[in-house]
Structure formats: structure tokens, C-alpha cells
Amino acid sequence: MGSTRLPGKVLLKVNGRSLIEILLDRLSRAKRLDRIILATSVHPDNDLLAQTVEQLGYSVSRGQEDDVLSRYYETAKAYKPEAIVRVTADCPIIDPTIVDRVIELFAREGVDYASNTNPPTFPDGLDTEIFTFSALEQAYREASTSYDREHVTPFLLRNSKFKKTNLLNTEDLSNYRWTVDELPDLKVIDRIVCHFFPDTHFNWQSVLKLRESHPEYFLPNQHISRNEGTRLDKGLKLWKRAKNIIPGGNMLLSKRPEMFLPERWPAYYSKTKGCHVWDLDGKCYIDMSIMGIGTNILGYSHPEVDQSVRHVLGKGNMATFNCPEEVYLAERLIELHPWAEMVRLARSGGEANAIAIRIARAASGRDKVAICGYHGWHDWYLATNLGNLQNLDEHHLPGLDPCGVPRNLKNTVFPFLYNDYETLEKIVMANPEIGAIKMEVQRNQPPADNFLQKVRDLATKRNIILIFDECTSGFRETLGGLHKKYNIAPDMALFGKALGNGYAITTIIGKRSIMEAAQNTFISSTFWTERIGPSAALATLRVMENTRSWEYITKIGKSIGNNWQRLGEQHGLTINISGLPALIAFEIPVTNWLKYKTLITQEMLKCGILAANSVYVCTAHTPALVDEYLQQLDSVFSLIRDCEDGRSIDRLLQTPVCHSNFHRLN
Ligand code: PMP
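Residues numbered from 1 in each chain as written. Predicted model: local features only at pLDDT ≥ 70, side-chain atom pairs only at ≥ 80, totals over all residues. Heavy atoms only, no water.

**Some details on the state of the cysteines**
On inspection of all chains with the given rule, the structure shows 0 disulfides. Summary of cysteine pairing: Cys275 is not part of a disulfide, and the nearest cysteine sulfur, belonging to Cys618, is at 5.0 Å. (Disulfide = S-S within 2.5 Å.)

**Some words on the side chain of Ser18**
Its place among the elements puts Ser18 in strand β2 (residues 17–18). Residues contacting Ser18, with those up to four places away along its chain left out, are Val10, Leu11, Leu12 and Lys13. (Helix = DSSP H or I, 4+ residues; strand = E, 2+ residues; numbered from the N terminus. Contact = heavy atoms within 4.5 Å.)

**Some thoughts on the site of the ligand**
Close to the ligand lie Ser348, Gly349, Gly350, Asn353, Tyr374, His375, Glu440, Arg443, Asp469, Cys471, Thr472 and Lys497, which account for all nearby residues. One of the backbone N or O atoms of Gly350 is found 2.6 Å from an oxygen atom in the ligand. Taken by itself the ligand offers 390 Å² of open surface, and the protein chains cover 85% of this. Per-element tally for the shell around the ligand: the top contributor is helix α15 (residues 349–364), with 3 residues. Partitioning the shell around the ligand into residue classes produces 2 nonpolar, 6 polar and 4 charged. (Near = heavy atom within 4 Å. Polar contact = N/O pair within 3.5 Å; in protein donor to acceptor, adjacent residues only side chain to side chain. Areas by Shrake-Rupley, 256 points an atom, 1.4 Å probe, with all protein chains shown as cover. Nonpolar A, V, L, I, M, F, W, Y, C, P; charged D, E, K, R; others polar.)

**Section: the packing of aromatic side chains**
Taken as a whole and assessed by the stated rule, the structure comprises 14 aromatic pairs. Their ring planes at 15 degrees and their centres at 4.0 Å tell us that Tyr73 and Tyr140 sit as a pair that is stacked. Taken together, the residues span a long stretch of sequence, with Tyr73 in helix α3 (residues 68–79) and Tyr140 in helix α5 (residues 133–142) at a distance of 67 residues. On the basis of relative accessibility, which here comes to 23%, the residue Tyr140 falls in the partly exposed class. Both rings, one in Phe196 and one in Phe202, keep their centres 4.4 Å apart while their planes meet at 15 degrees; by these two values the pair is stacked. Among the aromatic residues, those joined into a cluster by ring pairs are Trp564, Phe586, Trp593 and Phe637. The residue whose ring lies beneath Arg26 is Phe202, and the NZ or CZ to ring-centre distance is 4.3 Å. (Phe/Tyr/Trp six-rings, centres within 6.5 Å; stacked < 30°, edge-to-face > 60°. Buried < 20%, exposed > 50% of the residue type's maximum accessible area, 1.4 Å probe, protein only. Lys NZ or Arg CZ within 6 Å of the ring centre and 35° of its normal.)

**Quick notes on the sheet that holds strand β14 (residues 413–415)**
Read across the open sheet, the 7 strands follow the order β12-β18-β17-β16-β15-β13-β14; overall the sheet is mixed. Both outer strands of the open sheet, β12 (342–346) and β14, are each paired with one neighbouring strand and no more. Sheet twist, expressed as the mean angle between neighbouring strand axes with direction ignored, is 20 degrees. Pairing of strand β15 (residues 434–439) with strand β16 (residues 465–470) involves 4 bridges; the strand directions are parallel. If you follow Met439 over to β16, its bridge partner there is Phe468. Relative to the sheet, helix α18 (residues 421–430) contacts β13 (368–372), β14 and β15, its axis offset from that of β15 by approximately 160 degrees. This element, helix α19 (residues 451–461), spans β15 and β16 of the sheet and lies at about 160 degrees to β15. (Pairing = 2+ DSSP bridges. Axes fitted to C-alpha atoms, helices over the stretch in contact; angles between N-to-C directions.)

**Points about the nonpolar core**
Of all hydrophobic cores here, the largest spans 140 residues; its most connected members are Ile437, Met439, Met492, Ile560, Trp564 and Tyr629. It is helix α25 (residues 623–644) that provides the largest number of residues to this core, a total of 10 residues. Discounting chain neighbours no more than four positions away, the residues touching Met439 are Cys372, His375, Phe416, Tyr418, Phe451, Leu452, Val455, Leu466, Ile467, Phe468 and Asp469. Formed by 49 residues, the second largest nonpolar core is a distinct cluster that contains Leu6, Ile189, Ile192 and Phe202. (Core = buried A, V, L, I, M, F, W, Y, C linked by side-chain atoms within 4.5 Å.)

**Details of the pattern of salt bridges**
Taken as a whole and assessed by the stated rule, the structure comprises 35 salt bridges. The salt bridge involving Arg5 is made with Glu182; its shortest N-O contact spans 3.5 Å. Of this pair, Arg5 sits in the segment before β1 (13–14) while Glu182 sits in the loop between β8 (164–166) and α8 (183–196), and the two are 177 residues apart along the sequence. Each member of the pair Arg5 and Glu182 is classed as buried. Among the salt bridges present, the one from Arg86 reaches Glu129, with a minimum N-O distance of 2.8 Å. (Salt bridge = Lys/Arg side-chain N within 4 Å of Asp/Glu carboxyl O.)

**Some words on the packing of α3 against α5**
At a closest axis distance of 9 Å, the pairing of α3 and α5 adopts a crossing angle of 140 degrees. Looking at the two axes, α3 sits oblique to α5. For the pair α3 and α5, the sense of crossing is left-handed. Along its contact with α3, which presents Leu69, Ser70, Tyr72, Tyr73, Glu74, Ala76 and Lys77, the element α5 presents Phe133, Leu136, Glu137, Ala139, Tyr140 and Arg141. Here the residues of the contact of α3 with α5 are counted per class, giving 8 nonpolar, 1 polar and 4 charged. (Parallel < 35°, antiparallel > 145°, perpendicular 65-115°, else oblique. Left-handed = near helix turned anticlockwise from the far one by under 90°.)

Put into C-alpha cells, the structure is as follows:
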């Protein structure tokens, strides 16, 4: 019942009968079985299953949820059988004649174990195993890994002291799929069962014939490979389920497993602490990658920040009244940015950007905007690509399709590249309707040739509102905006990401004369008033100030960059470094780069480290953890060196290549 990919699957119905009922009914025709017992777990989720099966007249035994081997052993012990046949409950069209054939083979050859799955030649869904009670007892006593305990027979299969045999079909049909792990499987079984109704005891050869006469019945699950379930971790199973009901699988492109390591990345977490993350199988990893995409400068689950949230939980997160913390936070942000006089709060970076643009348009009375960098998903920003699909490709995220963005927003937003002052000046001269310039203070390279000052002067001269989007750069090098380091004050600035150390809070700060325009244009939203966001932000700012976190993360980031260079030199690889030290990234400028990046993630994951080609540094990244990371990376660089010298990267890669931009998922 606890199936990750298809919860409650064995009680799902086809043609009015549950899968388990169909299975038990068919299995009961096997001549060589003395007794059929459902061995399920004690988890309350299985209560209904146990009850259903008992009502059908079968025995039920209950044992451990994950240690299925012990469940089998304890069940068998109570009945003292000579041998135990294992059939899994997700194979509703099991064929009793095949079950009998495996039992007969087992008896005839006098072995400890027999099956029709080693190797498999029958369609998936007819799997039958049989083993002696004493072999089961030995496995129960000796098998130690969680994999062996969960999957019951791997210990027997691996161990040469057990005599084994296998029932082979004349033709290899093992890629046919008549079992139920996912929704498309259910569709196939439904069609088969409905086709033969009212005959419920059709044999497997009839199903083969049906496959010839109605191949379309069998199409839905063709893409699912055999025993995928034993290979996939829980997280990836959940990801498959997610993609079926959540378009794109999740809400943030950068957290798609395909962006890291397709078909392998653990995808979901169960808990976090510092820079450690646990997946759904309980495996722990060191996060040397994007740390929640830059949200957690103080590390995950920071005690003081979490304490402030716990305090809110104790007192109430919502009310008809407003929360006082929003005022305290607004005051604190102004204190940190003396050029700013007023503040609005929001909960995501994209919406903070949209709010800033609305205010700037309202304040300036001009609609057009010049942009540099990434500013979220909203219509106003994606409109940049209406003029040309590649307009945004150099601004952090390539491949953004403005599909669904009203076409009449075309020519409202004009992109310019970082450090390209001349282009910006030309754009501004050619478009007097430009009322705002929005840009990231710095993303990949530092400002050159007085770039920021020139932009500031241009904006001042042309009466254009200058907005710094510090959603990502904020708090990485100063307590507040990166613009403080360069001593250039904008007219508005945005903060997000790290401000709440993992809790949702973003802000728009600005000069009074501009921010007052928010009185004339309607900008209002229910959850911008909840209390956790500003409370977490106040605690985060306090801890940042006390620990001077921006100095620590910059120091660690610099040392990571230097070490990448050192490793590159040792292995004769060119390494291009980019980004703020606390958001450090590298690239090897070769044609196989994306494959190498995938290889890095693949090999590092095997050592329990989440890594790609950038590290978003947090204060929990201790020098010792960084050393461990660099040591492992050293071995991967050496593999890359081998590949540059002719070794096949394709042979080393065990997964498809990672994605690098936005596109449809299958
Ligand atoms: N602006 C910048 C500079 C960003 O880096 C991001 C997020 N990567 C955003 C805006 C959008 O923020 P969010 O994902 O919270 O909407």
C-alpha cells in the first residue's frame, strides 16, 4: 500500500475488482501450492488490505515494513513449510501454470532456489521464485544490507553456496511489461482484464496473442524498464509520479533532477542540517552545490532562525491585524541602506521584481525598461524575448520561451549586456520612453571601466529610475546589497533568497519619491502579510551581523576557486572561474563540457557529495568539509583528464547528460 510511485496500488480496481483479488483468484488455481498467505506489513496503511484479503478467505500475516526478508521469515516460521514460493502483489495476472512449472523444476532438481527471473525471459508480471525454508532462514540470519533486507532474495542469489536453477522461456519476452508500478501499467492491465472478461483465468499465452491482435493495448507502459523499482531510489520514484501531475515536475527549474543528474539525482529531501541533506531513503549528503539555490547562507535549519519561526508558531502566524515584525524589518533594511526611505515586502524574487517594475512605471510615467540579468518569470520580463527569442540567452537563463506573454508587450523591454555601457546608452537615447533600468549589480564578472558609476550617472541624467536586483547578490559580500561595496546607490533595490535563510521573504526598498507611487497603483496580496517571513529575516540579519557571515563565505569561496585552479593545473585542464566568491562557479572550456559536468555530479554523488560546477557557500561549509570535497573532485578531474586523452566519456557516464536550460520534460 505504501508504493511510492502508485500509492495503494494493490487495492486499485480494474473492471470492478481489486488487483489483489484478481491475483489471489488466479494464483489459487496453482496445483502445487498448499497455502497462500498475504505477508504485508504492520503499517496501518495496510489495515484495509489485510481486512480485504481476510474477507476473501486468505490468511494474512503482518511483519516489518522495510525488512521484508524478516517478514517472510517470520511468516514462514509459523507454518513450517518445506519451501516458500514468492509472488509479489503487484503482478495481478500471474499465471498459475508458470508458478507450478517453477515449483516442479525446483523439486525435480533438488535445489535451494528456483525462479523464472535469473535471467528473466518471461514477461515482467509472471515472476515466481521458490526457496527452501532453510535457505530463507540463513538469508534472514546473515543478510545485512538494507537492500538485501528489503528485496528478500538478493542474498540467496549472490551466494554461491545455494544451489539454484532457472526456468527459461524459449523466446526472451522479458521486455514485455504486465506488472503494476505506475499509472500506465494499470491502464495496460485494465485493458487486458476487460478484454477477457468474464473469463478471469485466461492464460499468459492468450495475453501474448492479444498483444499481437491489439498492440495498442500495450503501448502505455512500454517506456518503463524492468525492475526499475529496485534500481530507483524513493526520490526518483516520487519524481516520476510528480511529473505526471505537476507540469515540469516541480516549481523551480533549477531543482529539477535533470539539471543535475538525470535518472539518478535523489530529487527530494527528508531533512537538512548545516550543509547536510538527507534524501527519502535516509542517505546523507554534503551539499556542495546550490544550497537551496542560494537561500541558506547560514546553512540549513539554522537554530536561531528556526527558533524565531518556532516563536511565531507559538504565537500565531496570521491574523486580521498586521504583524509588527514587518515594520521592524522595514526599519532594519532602511538602517542598512541609508539611501532608501521606504520598503515593501513580498515572498518571492520574481514578484518583488514585478512590484518594483510596476512602482517604477507608475512613478516615472514611462513604460519601457532596460534590463541586464535575470529577474524572474513574470510577463514584464519575459516580454524581452518577444522581440527576439534569444534576447535573454546571455542573461543567466537561455531558452526562455515567451509563449503566453501578450504580444503587445513587444518592444517594452530592452536587454543590455553587463559591462557594455555603450549599448545601454544607445538604447536609452533611442527610447525616451525608458523609465527604469533594472540590473543585477554583478553576476559573472566584476564591473569594469567604472561601469556601475556610468550607469548611475546616465540614469540620473535622463531621470530614469535605477533598480538593483540584489535577489541573489545581496548579503554575499556585505550586510545588505553588493552595491554598498561599490558605493553606488540605486533608486530602488530588491532582496530575496538569503534574507530569510530558507524562509520566504523578499523586499523592495527605495527612495520615498518613487516608493510613494505604490499608493496610486494597486499592489496587494494576502500572504505578503504572514509573520514567519519577516520574523525569520530579522533573526537572519541578526545572526549575519553577529557572525559577519559575508566575510566567511567570501573567504571560503575564494579558496574553493583557487583550489579549482590548482586542480586544473595539476591535471592540465583549463578552468574558467566566474561569479562572486560566495557563489563561485567554474567551467572547462571544451566541447564535452556538459558531459564532464554530468560526470562530476555522478561521481561526487557516489561519495555522498552534491556537486556540479558551482558552490553556493554557507557558513556551515567548514574547511574540513571543503577539503573532503576537493579530494573527491581531484579524482574526478583525473577522469576528465583521461577523457581528454581519449578515454570514452560516454562509457563513463551512467546517466543521460544534464540539462543546461529550460525545456520540456518527458
Ligand atoms: N532576481 C535574481 C537576480 C535572481 O537571481 C532570481 C532567482 N534566481 C530572481 C530574481 C527570482 O527570484 P525567485 O526565484 O524567488 O522568483
